[in-house]
Amino acid sequence: MSGSNYIRNLIVSAGLCVPPAHPVLRREDWFLHGSDHLQSYVSSLAHHWTNASDGSQSGEIDATKAEILRGFGEALARLVATGDDKPTILKTPSTENLENLEIMFPGAKVIFLIRDGRDTCFSRIRAGYDRHLEESARLWAARTRHMLHHCDRLQKRGGASERFWVRYEDAVKSPDSELDRISAYLETRRDASIDVDASSLPVFGSSEFGHGETGGFTKVTIARPDNFNPVGRWRRWPRVTREMFHEIAGRELIELGYETGSSWCTAPDG
């Protein structure tokens, strides 16, 4: 929520990228999330082509499937094109259909944003997206595992350089250092005349704000309060909650480097 918005706003404010030209797509595009439907459509076409062939065109049919999917990606890219020399930044909160990235958007620079799953779950439950910690932790673990598996597959194929990880907490603590890393990855030079004040960036979608009198939650944009701290909110959890999270998603938390073991969840309350 506010994490991915913060990173996007940071990158745009530094002049490294520009937002999409299409106003509907400036917050989130969700291009990959439903791309499995495009795959189903293309597979349906291929099924008919295969039935009409003598079996000698399987390679051509597979190439045509990829060409059609690539064409869908090119059409979507035209929607967001700005005509600017700087790259266009897109953002989606979903990890669905990551395998379609290479087919639909070949050559795209992909930034994976990771955040401490405990804070992610704390925010999602507070915002009402998830009802219980078990539900939220399983979702976070599944999405994390999906990203890790995707990158493992790429590495085995020699494509590890096309994926780049940004830790949300590092971007909050040391925004300039993270911007330097991102600039190097995108191969775009930072403009020395642009002084980015991360503390002045607005807050959008934080679970700390936007709660109505009836208990509903709406994403709102507000000026960043002086005491706004989105890191470590999970520390309010009692031991029983910490232990539940570790049981469900402790492996992913450790693999991402947030913890080295289970001692964090067994500490006494208070």
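Our structure is the block above this text.
Below: a short report on this structure. Since the structure is predicted, the reported quantities are computational estimates derived from the model, not experimental observations.

Parameters at a glance
- Residues numbered from 1 in each chain as written.
- Predicted model: local features only at pLDDT ≥ 70, side-chain atom pairs only at ≥ 80, totals over all residues.
- Heavy atoms only, no water.
- Helix = DSSP H or I, 4+ residues; strand = E, 2+ residues; numbered from the N terminus.
- Polar contact = N/O pair within 3.5 Å; in protein donor to acceptor, adjacent residues only side chain to side chain.
- Buried < 20%, exposed > 50% of the residue type's maximum accessible area, 1.4 Å probe, protein only.
- Contact = heavy atoms within 4.5 Å.
- Core = buried A, V, L, I, M, F, W, Y, C linked by side-chain atoms within 4.5 Å.
- Expected span 1.5 Å × (residues − 1).
- Pairing = 2+ DSSP bridges.
- Axes fitted to C-alpha atoms, helices over the stretch in contact; angles between N-to-C directions.
- Parallel < 35°, antiparallel > 145°, perpendicular 65-115°, else oblique.
- Nonpolar A, V, L, I, M, F, W, Y, C, P; charged D, E, K, R; others polar.
- Phe/Tyr/Trp six-rings, centres within 6.5 Å; stacked < 30°, edge-to-face > 60°.
- Lys NZ or Arg CZ within 6 Å of the ring centre and 35° of its normal.

**Considerations on the side chain of Ser35**
Turning to step 1, where the next piece is worked out: Mapping Ser35 onto the fold places it in helix H2 (residues 35-52).
Turning to step 2, where the next piece is worked out: For Ser35, the side chain forms a polar contact with the main-chain oxygen of Leu32, separated by 2.7 Å.

**Regarding the environment of Val166**
Turning to step 1, where the next piece is worked out: Looking at the element boundaries, Val166 is found in strand S2 (residues 163-167).
Turning to step 2, where the next piece is worked out: With a relative accessible area of 0%, Val166 lands in the buried category.
Turning to step 3, where the next piece is worked out: Placed 53 residues apart in sequence, Val166 and Leu113 show a C-alpha to C-alpha distance of 4.9 Å.
Turning to step 4, where the next piece is worked out: For Val166, the contacting residues outside a window of four places in its chain are Ile7, Ile111, Phe112, Leu113, Ile114, Glu178, Arg181 and Ile182.

**Observations regarding the nonpolar core**
Turning to step 1, where the next piece is worked out: With 33 residues, the main nonpolar core has Phe105, Cys121, Trp140, Trp237 and Phe245 as its most contacted residues.
Turning to step 2, where the next piece is worked out: Of all the secondary-structure elements, those providing two or more residues to this core are helix H3 (58-80), helix H4 (101-104), strand S1 (110-114), helix H5 (117-127), helix H6 (133-156), helix H9 (239-255) and helix H10 (263-266).
Turning to step 3, where the next piece is worked out: Take this core: its biggest share by element is seven residues, from H6.
Turning to step 4, where the next piece is worked out: The residues touching Cys121, leaving out its near neighbours within four places in the chain, are Leu133, Ser136, Ala137, Trp140, Trp237 and Phe245.
Turning to step 5, where the next piece is worked out: Formed by 19 residues, the second largest nonpolar core is a distinct cluster that contains Tyr6, Leu16, Tyr185 and Val196.

**Comments concerning H6**
Turning to step 1, where the next piece is worked out: If you check H6, its first and last C-alpha atoms are 34 Å apart, about what 24 residues at 1.5 Å a residue would give, namely 34 Å.
Turning to step 2, where the next piece is worked out: Where H6 is buried, its residues contact H4, S1, H5, S2 and H9.

**So, unusual backbone geometry**
Turning to step 1, where the next piece is worked out: Look at Trp30: it is not a glycine, yet its phi comes out positive at around 60°.
Turning to step 2, where the next piece is worked out: Looking at the secondary structure, you find Trp30 in the loop between helix H1 (2-13) and H2.
Turning to step 3, where the next piece is worked out: Judged by relative accessible area, which is 37%, Trp30 ranks as partly exposed.
Turning to step 4, where the next piece is worked out: Unlike most non-glycine residues, Asn97 shows phi in positive territory, near 60°.

**Here's the deal with the pairing of S1**
Turning to step 1, where the next piece is worked out: A one-sided burial pattern is seen for S1, the buried positions being Val110, Phe112 and Ile114 and the unburied ones Ile111 and Leu113.
Turning to step 2, where the next piece is worked out: The sheet contact formed by S1 and S2 spans five bridges and is parallel. Considered in S2, the bridge of Ile111 is made with Phe164.

**Concerning the packing of H6 against H9**
Turning to step 1, where the next piece is worked out: At their nearest, the axes of H6 and H9 sit 9 Å apart, and the two run at 5° to each other. Taken together, the axes of H6 and H9 are roughly parallel relative to one another. Counting all contacts with H6, which are made through Leu133, Glu134, Ala137, Arg138, Trp140, Ala141, Thr144, Arg145 and Leu148, the residues of H9 involved are Thr241, Met244, Phe245, Ile248, Ala249, Arg251, Glu252, Leu253 and Glu255.
Turning to step 2, where the next piece is worked out: Split into classes, the residues belonging to the contact of H6 with H9 amount to 10 nonpolar, two polar and six charged.

**Concerning the packing of aromatic side chains**
Turning to step 1, where the next piece is worked out: For the coordinates displayed, the defined rule picks out nine aromatic pairs.
Turning to step 2, where the next piece is worked out: Ring plane angle 40° and centroid distance 5.9 Å describe the contact between Trp237 and Phe245, whose orientation is recorded as tilted. For the pair Trp237 and Phe245, a shared accessibility class is recorded, and that class is buried.
Turning to step 3, where the next piece is worked out: Taken together through their ring pairs, the aromatic side chains of Trp140, Trp234, Trp237, Phe245 and Trp264 make up a single cluster.
Turning to step 4, where the next piece is worked out: Positioned over the ring face of Tyr185 is Lys109, at 4.8 Å from the centre of the ring.
Turning to step 5, where the next piece is worked out: Taking NZ or CZ as reference, Arg118 lies 3.9 Å from the ring centre of Trp234, over its face.

Everything listed is a geometric property; what it means functionally is a separate question.
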